[in-house]
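Here is what each chain is made of, one letter per residue.
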Number of protein chains: 4
Amino acid sequence: MDLNADLGESFGAWTLGDDAALLRVVTSANVACGFHAGDATVMRATVRLAAARGVAIGAHPGYRDLAGFGRRELAATPHEIADEVIYQLGALQAVCTAEGTRVRYVKPHGALYNRAAADAATARAIAESVARVDPSLVLLALAGSALIEAGRAVGLQVAAEAFADRGYLADGRLAPRGMAGALLTDPAAVASRAFALATDGRIDSLDGTPLTILPDSICIHGDTPGATRLAAAVRDRLAGSGITLTPFAA
Amino acid sequence: MDLNADLGESFGAWTLGDDAALLRVVTSANVACGFHAGDATVMRATVRLAAARGVAIGAHPGYRDLAGFGRRELAATPHEIADEVIYQLGALQAVCTAEGTRVRYVKPHGALYNRAAADAATARAIAESVARVDPSLVLLALAGSALIEAGRAVGLQVAAEAFADRGYLADGRLAPRGMAGALLTDPAAVASRAFALATDGRIDSLDGTPLTILPDSICIHGDTPGATRLAAAVRDRLAGSGITLTPFAA
Amino acid sequence: MDLNADLGESFGAWTLGDDAALLRVVTSANVACGFHAGDATVMRATVRLAAARGVAIGAHPGYRDLAGFGRRELAATPHEIADEVIYQLGALQAVCTAEGTRVRYVKPHGALYNRAAADAATARAIAESVARVDPSLVLLALAGSALIEAGRAVGLQVAAEAFADRGYLADGRLAPRGMAGALLTDPAAVASRAFALATDGRIDSLDGTPLTILPDSICIHGDTPGATRLAAAVRDRLAGSGITLTPFAA
Amino acid sequence: MDLNADLGESFGAWTLGDDAALLRVVTSANVACGFHAGDATVMRATVRLAAARGVAIGAHPGYRDLAGFGRRELAATPHEIADEVIYQLGALQAVCTAEGTRVRYVKPHGALYNRAAADAATARAIAESVARVDPSLVLLALAGSALIEAGRAVGLQVAAEAFADRGYLADGRLAPRGMAGALLTDPAAVASRAFALATDGRIDSLDGTPLTILPDSICIHGDTPGATRLAAAVRDRLAGSGITLTPFAA
C-alpha cells in the first residue's frame, strides 16, 4: 500500500504543514506547483527532502488561486485547465531534474480535484495534458472517479486513492468539508479506516451505507489538525499489520 | 545570422505586441514564462505558432513582477533566481513537449537580463540552473557580459547578442532606457545597424566611440513602437545582402 | 439619461481600451480597482482624467482573478466578497481623495456582477458592504436584479442599468457571452437600442419577446470591438434626440 | 510610551504571528494592507480585534511582492510608490470604516521602510501621499530618518520609532538582518533596551558606540521567534516601572 500526502504547501514567508515529519511517514508526496500554494524555492526544498527520503514525487497542480488555496471552484475552461496543468507539471519536472530526480505521477488539488472527479471534460483535459507531457506518468485520482476513467481512456496508468481521514457519502463521493463527519481527526479511527482500506476495502459511509473501496493509495491531508500524528498512526497500524508501504509509482 | 525577439508577452485579457507578424520575421523567439508576462495559454499559443513557422524557441524567464513587467530591479537572492529560472524554464519545456517541440535556449528578461550581464553571482546562478535542467540548452546573453562568461564556465554553449534598436555606451553596455538615443526607432537606422552587426561588427556608441561587436544573434524588441516594421526592415536588409537568417540554436 | 462604461482596465505594461476617447462620451466611469484589472497607477490616471472631464466615478470591484479578468465565476463566500468589495472600494476612494474628487457609486464587475444579479446572499453581502463604507453611495446594478433589491433593502440609493450592446433573454436577463446575438456590434443597432431604453424602454429579447426596461443608466462596454464608435453613436443619437446626458449620481 | 507591532500578516490559508496575543500587549497595530502580506479578510479580522482591544490602527503599506514579503528592495519609482501607498491606505481605511473605527497613522513596511528612511525622494512620495489622503494621519518612521523629515516638510504629525529587538549601527541605522547581533531574542535584553529607549534613550550600537534615541514608539516584530514573549517582557518592564503605555496617535 502507498500513503500519499500534500506537501510543499508553504509560500514565501509562510509555512504550512510539517513536511519533514510527514516525509518520514508517507511513500508519495503530492508537491504543490505554485498556483494554489508553493513557490519555486519551496518546491525545490520539498523535492530535495522527498528524494532524500525515497518518497515518490507527484505534481499537485491546482487552480490559479493563491488567496483561496485552490479550494474554491473557478470556472476556468477545460482548455485553460489543460494549459495550466502542463505549465505546473513542467515547472516541477525541471525542479526534479535539477535535483537529480523526477516526477512520477500527477494528482490535481482541491477544487480542481473535485471537479475532475465529477466532470468528464475536465478529467479528459487533465488526462490528455499529462499524457502529452509524459505518457509514463501515473494519474492519481479518486477511486471510481471520472478522472480514473479519463486516465485509462488516454492510455495512462492510473492509481485510485481513498481517504483515511475523510467521511464518505453513500454514493462513494467524499463528504463536503463543512458537513458533520467530513473530517476524521481521531488517530485510532483514522488508522482503522486505513487498515480497512488497505485490506478488504469495507468502510461505512456517513449514513451507514456499506461501501467497498480498494485503493492503490491512501491519502492523509498535511494540513489537517494533527496531520503528522494521524499519518504516523496510519503508518504504524499498517506496518504493524505486516502491510508493506511502498510507492505505487516506482 | 539569427534574429531574436521577445514574444508571448500577452497576459489574460491583455494583448501585447504582434506575435504573428514578428514570427514571420525572426528566427528565434524568446517566450515569456509567466512571471513578468505570459500565461500558460499564451505560452502554448506562442509555442504552437513559433513551431509552425520553424522559429527556434527560447525560454525568457524574468523576475516575479507582473505589475512591473520584469523591468524593475528586484533584490531577489541568486538562490531565489536559480529556483525561479528552473521553474519558468520547466514550465515552457512542458508546453513545448505538449506541442511536439522543445526549448532550444534561455535568455533572461529585462532587469534580470541586465543584472545577469553585470553581476557574476547572478550570472552563475542562472548558468548553473540552465545546465542542471538541460546541458544541451544554449545561453543567449549580451555580448561580452558576465552571463556569457558564466555560461562558458559551466560548459554551456553560449550565443552573444547585440541590439539593432538600442544605443550603446562607450564601454559596450546598453544605454539605459530613458537616456536620449537609448531607443532607435527609424527603420533605416535600425536596418543599417543590423547590417553592421551581421558583417564587420563596427558600430558607434552614443558618444561616438567606435565599438566592434560580433554577435550570434540580433535582438529586436517586440514592444518597441513599430516593432514589426523594424523587424521587417532588418530582415529585408540582411536577406537582401545575401546574409542567411537561421536560428543560432538548431 | 446616464451613459456608463468600464474604464481603467489597463494593467502595468498592458493597455486595454481607449479610455481617453470613452471619457469624451460617457457620463459615468466604472473604474477597475486592481483585482480583475487596473493597478494603483492606472486607477489614479483614470480618476484624474474622469474628474477633468466631469465624469462621475464609480468603483468597479471584481473577483480576485487577474488572469481571468474577473469574468470567471469563483466560489468565493459572500463573506469574502464583502471583505474584497470593501477593500477595493476603499482603495479607489483614497485615489479619488488624493485627486480631489470622490467615488459616487459602486457597480460589480463581470462574473461578480452576474452572480450578484441572481444570488440574494451575494447581493446582500455587496449592498451591506457598500452601505457600511459610505451610505451615500449609489449602487448601480442590472435592472430588476437581486442586487437592486438588496441595495434598496439596506437603504442605499440604487440605479438600474441596461445594455445597449448586449442581447437579452426572454426573462430579462443578459444573454450569456458566447450565445449568438449576445453582443451587438453594429453602431446603428446599438444607438437604436439605446434610444429605446432612454425613452419608452421597449426592446425585444433575442427570441422576440417584448420587454420593457427603463434604466437609469445605459452601459457601453469599453472592450467591445469598436467600443468607442459604439459609444459615440449612442451619445450622438441620444443627444441629437434632445435627451440630456448627465450622471445618475451627482 | 507606545508599543507597536506588525500585525495582520497572515494570508489566505497561511497564518503568521499570534495577533491575538500581541494585541494584548501593544498599543498600536501596523496592519498589512495586502501587497506584501494580509488580504481583505485578514485585514478585517485584524481591525476588528484591534478595535476591540483599544489598540490604535496604522496602515502598513509595502512593496507589491507577496512572494518576498515586502522585504526585497524593488526599483519601483517614487511615482509608483505614491500610487500604491494611496491604494493600500485607502483599502485599510474602508475596512476600518466598515468596522466602525479608523486609521490613525501610516508606517511603511520592510524594504520600503528602509528605502524611505534613507532616500529623500521616496520619503517625500510617501509623505505627500499620506497628506493628500488625510492630513490628520500621523507618519510613524525611524527616528532621525528621511521619512521623519519628509513628514514634517509636508505638515504631517510624525512619530519616531526605535526597535527594542534590533541591533543598531554606529550611525543610528538599523543593523541589516543577517549581520551578527541584528536581532535581539533574549527577553531580558529586549526589555532592558525598551526601558532605556523609554527613559533616557541611551543605548549602545553593535560596535559599542553610545547612541541617544528618544522615540515616540517602540517596535516589536510580530514574526521574530518568541515575538509574543518579547512583547510581554517589554510591556511588563515598562508598566512595572510606572511608564504609561498609550497610543501615540489618539
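These numbers come from a predicted model, not from an experiment.

(A) Focus on the overall build of chain A. Looking only at helices and strands, chain A has eight helices and nine strands in total. For 250 residues, the compact-globule formula gives about 18 Å, and the C-alpha radius of gyration of chain A, at 17 Å, lands near that figure. With the C-alpha coordinates of chain A rotated into their principal frame, the extents come out at 40 × 35 × 35 Å. Counting the 250 residues in chain A, one finds 61% classified as buried. Here the contacts in chain A between residues at least 6 apart in sequence split such that 71% fall between residues at least 24 apart. Taken as two groups, the 22 positive and 26 negative side-chain charges of chain A have centres that lie 3 Å from each other.

(B) Layout of the interface of chain A and chain B. The partner chain B presents 27 residues to the 27 residues of chain A that form the contact. Carbon and sulfur atoms supply 59% of the area that chain A and chain B bury against each other, a total of about 2,100 Å² over both sides. Our enumeration of links across chain A and chain B arrives at two salt bridges. Our count for the chain A to chain B interface comes out at eight residue pairs in polar contact (both at pLDDT 80 or more). At the level of secondary structure, the elements contributing two or more residues to the side of chain A that touches chain B comprise helix 2 (40-52), helix 3 (78-98) and helix 5 (120-133) of chain A.

(C) Structural detail: the sheet that holds strand 5 (residues 138-142) of chain D. Residues and elements named next belong to chain D. In space, the seven strands of this closed barrel follow the order 1-2-3-4-5-6-9, with parallel pairing throughout. Mean inter-strand twist for the sheet, computed between neighbouring axes without regard to direction, equals 35 degrees. Bridging between strand 5 and strand 6 (residues 157-163) involves five bridges; their strand directions are parallel. Counted as the bridge partner of valine 138 is glutamine 157 from strand 6.

(D) View of the state of the cysteines. Residues and elements named next belong to chain A. Following the criterion strictly, the structure yields zero disulfides over all chains and no others. Free of any disulfide, cysteine 96 has its nearest neighbouring cysteine sulfur in cysteine 33, separated by 9.0 Å. The exposure class assigned to cysteine 96 is buried, which follows from its relative accessible area of 0%.

(E) Quick look at the interface of chain C and chain B. Across the contact, 13 residues belong to chain C and 13 residues belong to chain B. Where chain C abuts chain B, roughly 980 Å² becomes buried across the two surfaces, and 77% of that area is made up of carbon and sulfur atoms. A per-residue breakdown of the area chain C buries against chain B is headed by Phe11, Ala13 and Trp14 of chain C, which together make up 58% of the total. Put simply, chain C and chain B have zero salt bridges between them. In this assembly, chain C and chain B are joined by two residue pairs in polar contact (both at pLDDT 80 or more). Residue composition of the side of chain C that touches chain B, grouped by class: eight nonpolar, four polar and one charged.

(F) Expanded view of the environment of arginine 48 of chain C. Residues and elements named next belong to chain C. Here arginine 48 shows up in helix 2 (residues 40-52). Exposure remark for arginine 48: the relative accessible area of 40% places this residue in the partly exposed category. In this structure the C-alpha to C-alpha distance between arginine 48 and alanine 118, which are 70 residues apart in sequence, comes to 34 Å.

(G) Summary view of the relation of the copies chain C and chain B. Overlaying chain C on chain B yields an RMSD of 0.0 Å, the required transformation being a rotation through 180 degrees with an accompanying axial translation of 0.0 Å. Here the transformation between the copies is reduced to the relation of a two-fold axis. Nearest to the rotation axis, the C-alpha of tryptophan 14 of chain C is located 3.0 Å from it, this being the minimum over chain C.

(H) Looking closely at the packing of helix 7 (residues 187-198) of chain A against helix 8 (residues 227-240) of chain A. Residues and elements named next belong to chain A. One can describe the packing of helix 7 onto helix 8 by two numbers: an axis separation of 8 Å at closest approach and a directional angle of 45 degrees. Relative to helix 8, the element helix 7 is oriented oblique. In the packing of helix 7 onto helix 8, the handedness of the crossing is right-handed. Across the interface between the two elements, Pro187, Val190, Ala191, Ser192, Ala194, Phe195 and Ala198 from helix 7 touch Arg229, Leu230, Ala233, Val234, Arg237 and Leu238 from helix 8. In terms of residue class, the contact of helix 7 with helix 8 is made up of ten nonpolar, one polar and two charged.

(I) View of the sheet that holds strand 6 (residues 157-163) of chain C. Residues and elements named next belong to chain C. An order of 1-2-3-4-5-6-9 is seen for the seven strands of this closed barrel, with the pairing classed as parallel. Ignoring which end each strand starts from, the neighbouring axes of this sheet average 35 degrees apart. Of the pairings in the sheet, the one linking strand 1 (residues 2-7) to strand 2 (residues 28-32) comprises four bridges and is parallel in character. The residue of strand 2 that forms the bridge with asparagine 4 is serine 28.

(J) Looking closely at the nonpolar core. One finds Leu92 of chain A, Leu92 of chain B, Leu92 and Leu238 of chain C together with Leu92 and Leu238 of chain D to be the most contacted residues of the largest nonpolar core, which totals 317 residues. Among residues more than four places away in sequence, those in contact with leucine 92 of chain A are Val31, Cys33, Met43, Val47, Ile57, Gly58, Ala59 and Val103 of chain A.

(K) Quick peek at the relation of the copies chain A and chain B. Least-squares fitting of chain A to chain B yields an RMSD of 0.0 Å, with the superposition described by an axial translation of 0.0 Å and a rotation of 180 degrees. Most of the interface of chain A is mirrored in chain B, where 100% of its interface residues are also at the interface.

(L) Looking closely at the packing of aromatic side chains. Under the counting rule described, the total for this entry stands at 26 aromatic pairs over all chains. Relative to phenylalanine 163 of chain B, the ring of tyrosine 113 of chain B lies with its centre 6.1 Å away and its plane at 85 degrees, an arrangement referred to as edge-to-face. Taken together, the residues span a long stretch of sequence, with tyrosine 113 of chain B in helix 4 (residues 110-118) and phenylalanine 163 of chain B in strand 6 (residues 157-163) at a distance of 50 residues. One exposure class covers both tyrosine 113 of chain B and phenylalanine 163 of chain B, and it is buried. Cluster of aromatic residues (ring-pair linked, three or more members): Phe11, Trp14 and Phe69 of chain A together with Phe11, Trp14 and Phe69 of chain D.

(M) Structural context of helix 4 (residues 110-118) of chain A. Every buried residue of helix 4 of chain A is listed here: Ala111, Leu112, Tyr113, Arg115, Ala116 and Ala117 of chain A. Next to the buried residues of helix 4 of chain A lie helix 3, helix 5, strand 5 (138-142), helix 6 (146-153) and strand 6 (157-163) of chain A.

(N) Summary view of unusual backbone geometry. Residue and element names in this part refer to chain A. Look at phenylalanine 69: it is not a glycine, yet its phi comes out positive at around 60 degrees. Within the secondary structure, phenylalanine 69 is located in the loop between strand 3 (56-60) and helix 3. The exposure class assigned to phenylalanine 69 is buried, which follows from its relative accessible area of 3%.

(O) Spotlight on the environment of alanine 111 of chain B. Residue and element names in this part refer to chain B. Here alanine 111 is to be found in helix 4. Distance in space between the C-alpha atoms of alanine 111 and tyrosine 63 is 7.5 Å, their sequence separation being 48 residues. The residues touching alanine 111, leaving out its near neighbours within four places in the chain, are Tyr63, Gly70, Arg71, Arg72 and Glu73.

(P) Region of interest: the packing of helix 4 (residues 110-118) of chain D against helix 5 (residues 120-133) of chain D. Residue and element names in this part refer to chain D. Between helix 4 and helix 5, whose axes approach to 6 Å, the crossing angle comes to 110 degrees. Put simply, helix 4 runs roughly perpendicular to helix 5. Considering how the two elements wind past one another, helix 4 and helix 5 form a crossing that is left-handed. For the pair formed by helix 4 and helix 5, the contact residues are Leu112, Arg115, Ala116 and Ala118 on the first element and Ala120, Thr122, Ala123 and Ile126 on the second. For the contact of helix 4 with helix 5, a count of residues per class yields six nonpolar, one polar and one charged.

(Q) Spotlight on the pattern of salt bridges. For the coordinates displayed, the defined rule picks out 36 salt bridges over all chains. The salt bridge involving aspartate 171 of chain C is made with arginine 173 of chain C; its shortest N-O contact spans 2.8 Å. You can call aspartate 171 of chain C exposed: its relative accessible area is 51%. The network of salt bridges with shared partners includes Arg44, Arg48 and Glu99 of chain A together with Asp83 of chain B.

(R) The arrangement of the pairing of strand 9 (residues 217-220) of chain B in detail. All names here are of chain B. Residues Ser217 and Cys219 line one face of strand 9 and the alternating positions Ile218 and Ile220 line the opposite face, and both faces are buried. Two elements, strand 1 (residues 2-7) and strand 9, share four bridges in a ladder whose sense is parallel. Across the sheet, the residue bridging to aspartate 2 is serine 217, located in strand 9. Relative to strand 9, strand 6 runs parallel, the two sharing three bridges. Its bridge partner being in strand 9, alanine 162 is matched across the sheet by isoleucine 218.

(S) Focus on the side chain of serine 28 of chain D. Residues and elements named next belong to chain D. Here serine 28 is to be found in strand 2 (residues 28-32). What makes serine 28 buried here is its relative accessible area of 0%. The residues contacting serine 28, other than those within four sequence positions of it, are Asp2, Leu3, Asn4, Ala5, Val55, Ala56, Tyr105, Pro247 and Phe248.

Quick notes on the rules
- Residues numbered from 1 in each chain as written.
- Chains lettered and ligands numbered in written order.
- Predicted model: local features only at pLDDT ≥ 70, side-chain atom pairs only at ≥ 80, totals over all residues.
- Heavy atoms only, no water.
- Helix = DSSP H or I, 4+ residues; strand = E, 2+ residues; numbered from the N terminus.
- Rg over C-alpha atoms; globule rule 2.2 N^0.38 Å.
- Buried < 20%, exposed > 50% of the residue type's maximum accessible area, 1.4 Å probe, protein only.
- Contact = heavy atoms within 4.5 Å.
- Lys, Arg positive; Asp, Glu negative; His and termini not counted.
- Charge placed at Lys NZ, Arg CZ, Asp CG, Glu CD.
- Buried area = accessible area lost by both parts, 1.4 Å probe.
- Salt bridge = Lys/Arg side-chain N within 4 Å of Asp/Glu carboxyl O.
- Polar contact = N/O pair within 3.5 Å; in protein donor to acceptor, adjacent residues only side chain to side chain.
- Pairing = 2+ DSSP bridges.
- Axes fitted to C-alpha atoms, helices over the stretch in contact; angles between N-to-C directions.
- Disulfide = S-S within 2.5 Å.
- Nonpolar A, V, L, I, M, F, W, Y, C, P; charged D, E, K, R; others polar.
- Least-squares fit on C-alpha atoms with pLDDT ≥ 70 in both.
- Parallel < 35°, antiparallel > 145°, perpendicular 65-115°, else oblique.
- Left-handed = near helix turned anticlockwise from the far one by under 90°.
- Core = buried A, V, L, I, M, F, W, Y, C linked by side-chain atoms within 4.5 Å.
- Phe/Tyr/Trp six-rings, centres within 6.5 Å; stacked < 30°, edge-to-face > 60°.

Just distances and angles here, no functional claims.
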